[in-house]
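# Inside the fold
Chain by chain, the residues:
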Amino acid sequence: MVGLGLTLCVFSDRLLGFGLYLVFLALFHYFEFICVAMFNPSSLYNSSFLINHSNEYNIAAAASIIEFLIEFYFFPSIKSSYIIIIVGFIGTAIGFTIRVVALITAGHNFTHLVAEQKKDNHVLVTSGIYGVMRHPGYMGWFYYTIFSQVLLFNPICIAGFAYVSWRFFDDRIRREERHLIEFFGQQYNAYKAKVPTLIPFIK
């Protein structure tokens, strides 16, 4: 997929945004797998790519491509605006980078599943990027998701992805933090009071 995306970037100005989207999409899933392999090899499975994250995720991915192709057919010029592509590229790159840095910083504490029981080696990570924002992996994924649709200039999916992603991360952060308070008590409450999530309206 990276090769196809780069080919579109090089040989088609009108499909530059779509080519960049394919590159980011492939890299996102590759790095999810790589980070599990590096830090939690005992939990490494094909599902670690997160390609089959959920039916909702697959539907959203299909919807973004369908919207792009329909709008590209009827309004090709709006899909090749360099200003929109640059904004989308920068936002997607920042979100992707924050996600990867968060996974690496968390190290063996990183998991794709919400931990419901505290492991012996589970520590509260508050250094590095975790000292700037809580749940940076979620924050990076949130903005990566939205700006990937800006990159495609998919107005319907921009709004839809923003709403659905916010609902997903709001619920997940609430559930995860209940467990983190059980695990770390006042230590986590103090961290939570001091460090924001940087996701709108999620305190």
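Reading guide: rules and limits
- Residues numbered from 1 in each chain as written.
- Predicted model: local features only at pLDDT ≥ 70, side-chain atom pairs only at ≥ 80, totals over all residues.
- Heavy atoms only, no water.
- Helix = DSSP H or I, 4+ residues; strand = E, 2+ residues; numbered from the N terminus.
- Rg over C-alpha atoms; globule rule 2.2 N^0.38 Å.
- Buried < 20%, exposed > 50% of the residue type's maximum accessible area, 1.4 Å probe, protein only.
- Contact = heavy atoms within 4.5 Å.
- Areas by Shrake-Rupley, 256 points an atom, 1.4 Å probe, with all protein chains shown as cover.
- Lys, Arg positive; Asp, Glu negative; His and termini not counted.
- Charge placed at Lys NZ, Arg CZ, Asp CG, Glu CD.
- Salt bridge = Lys/Arg side-chain N within 4 Å of Asp/Glu carboxyl O.
- Core = buried A, V, L, I, M, F, W, Y, C linked by side-chain atoms within 4.5 Å.
- Axes fitted to C-alpha atoms, helices over the stretch in contact; angles between N-to-C directions.
- Parallel < 35°, antiparallel > 145°, perpendicular 65-115°, else oblique.
- Nonpolar A, V, L, I, M, F, W, Y, C, P; charged D, E, K, R; others polar.
- Phe/Tyr/Trp six-rings, centres within 6.5 Å; stacked < 30°, edge-to-face > 60°.
- Expected span 1.5 Å × (residues − 1).
- Arc of directions from axis to C-beta.

## A closer look at the overall build of the protein
- Summing up its helical and strand segments, the protein has seven helices and zero strands in all.
- Expected size for 203 residues packed as a compact globule is a radius of gyration near 17 Å; at 18 Å, the protein falls within 12% of this value.
- Principal-axis analysis of the C-alpha atoms gives the protein an extent of 55 × 35 × 30 Å.
- By the burial criterion, 45% of the 203 residues in the protein qualify as buried.
- Partitioning the intrachain contacts of the protein with sequence separation of at least 6 by distance along the chain shows that 75% fall at a separation of at least 24.
- On the protein, roughly 11100 Å² of surface is accessible, and the fraction owed to carbon and sulfur atoms is 68%.
- Charge separation in the protein, taken as the distance between the mean sites of 14 positive and 12 negative side-chain charges, equals 5 Å.

## Digging into the pattern of salt bridges
- Considering all chains together, one arrives at six salt bridges under this definition.
- Here arginine 134 and glutamate 177 are joined by a salt bridge, their closest N and O atoms 2.8 Å apart. Residue arginine 134 is located in the loop between α4 (82-106) and α5 (136-152), and its partner glutamate 177 is located in helix α6 (residues 155-184); the two are separated by 43 residues in the primary sequence.
- A salt bridge links lysine 192 to glutamate 177, with the shortest nitrogen-to-oxygen separation between them at 3.4 Å. Linking lysine 192 in helix α7 (residues 186-194) with glutamate 177 in helix α6, this pair joins segments that are 15 residues apart in sequence.
- Residue class for lysine 192 comes out partly exposed when judged on its relative accessible area of 32%.

## Some words on the nonpolar core
- Of all hydrophobic cores here, the largest spans 49 residues; its most connected members are Phe18, Tyr21, Tyr130, Trp141, Tyr144 and Ile199.
- Elements supplying a minimum of two residues to this core: α1 (2-11), α2 (16-39), α3 (55-74), α4, α5, α6 and α7.
- In terms of residue count, α2 provides more of this core than any other element does, ten residues in total.
- Not counting the four nearest positions on each side in its chain, phenylalanine 18 is found in contact with Leu8, Ile65, Phe68 and Leu152.

## Digging into the packing of α3 against α6
- The interhelical angle for the contact between α3 and α6, taken along N-to-C directions, is 160°, at an axis separation of 9 Å. When the axes of α3 and α6 are compared, the pair comes out roughly antiparallel. Touching Ala60, Ala63, Ser64, Glu67 and Glu71 of α3 are Pro155, Ile156, Cys157 and Phe161, all from α6.
- Looking at the contact of α3 with α6 residue by residue, the class counts come to six nonpolar, one polar and two charged.

## Concerning the packing of aromatic side chains
- The full count for this structure, using the stated rule, is 18 aromatic pairs.
- A centroid spacing of 5.4 Å and a plane angle of 50° characterise the contact between phenylalanine 28 and tryptophan 141, whose relative ring orientation is tilted. A residue pair is termed long-range when its members are at least 10 positions apart, and phenylalanine 28 in helix α2 and tryptophan 141 in helix α5 qualify at 113 residues. Each member of the pair phenylalanine 28 and tryptophan 141 is classed as buried.
- Plain terms: the ring middles of phenylalanine 74 and phenylalanine 75 are 6.4 Å apart, the flat faces sit at 50° to each other, and that makes the pair tilted.
- We classify phenylalanine 74 as exposed; its relative accessible area is 56%.
- An aromatic cluster of three or more residues is present, and its members are Phe28, Tyr138, Trp141, Phe142, Tyr143, Tyr144, Phe168 and Phe169.

## Some words on α3
- Given a rise of 1.5 Å per residue, 20 residues ought to cover 28 Å, and the 29 Å separating the end C-alpha atoms of α3 matches this to within 8%.
- For α3, every residue scored as buried is listed here: Tyr57, Ser64, Glu67, Phe68, Glu71 and Phe72. One side of α3 carries all its buried residues, which in axial view fall inside an arc of 120°. The exposed residues of α3 that point more than 90 degrees off its buried face are Asn55, Ile59, Ile66, Tyr73 and Phe74.

## Some remarks on unusual backbone geometry
- Backbone geometry places histidine 135, a non-glycine residue, at a positive phi of 50°.
- Mapping histidine 135 onto the fold places it in the loop between α4 and α5.
- For histidine 135, a relative accessible area of 9% translates into the label buried.
- A positive phi angle, near 65°, is found at leucine 198, a position not held by glycine.
- Position of leucine 198 among the secondary structure elements: in the segment after α7.

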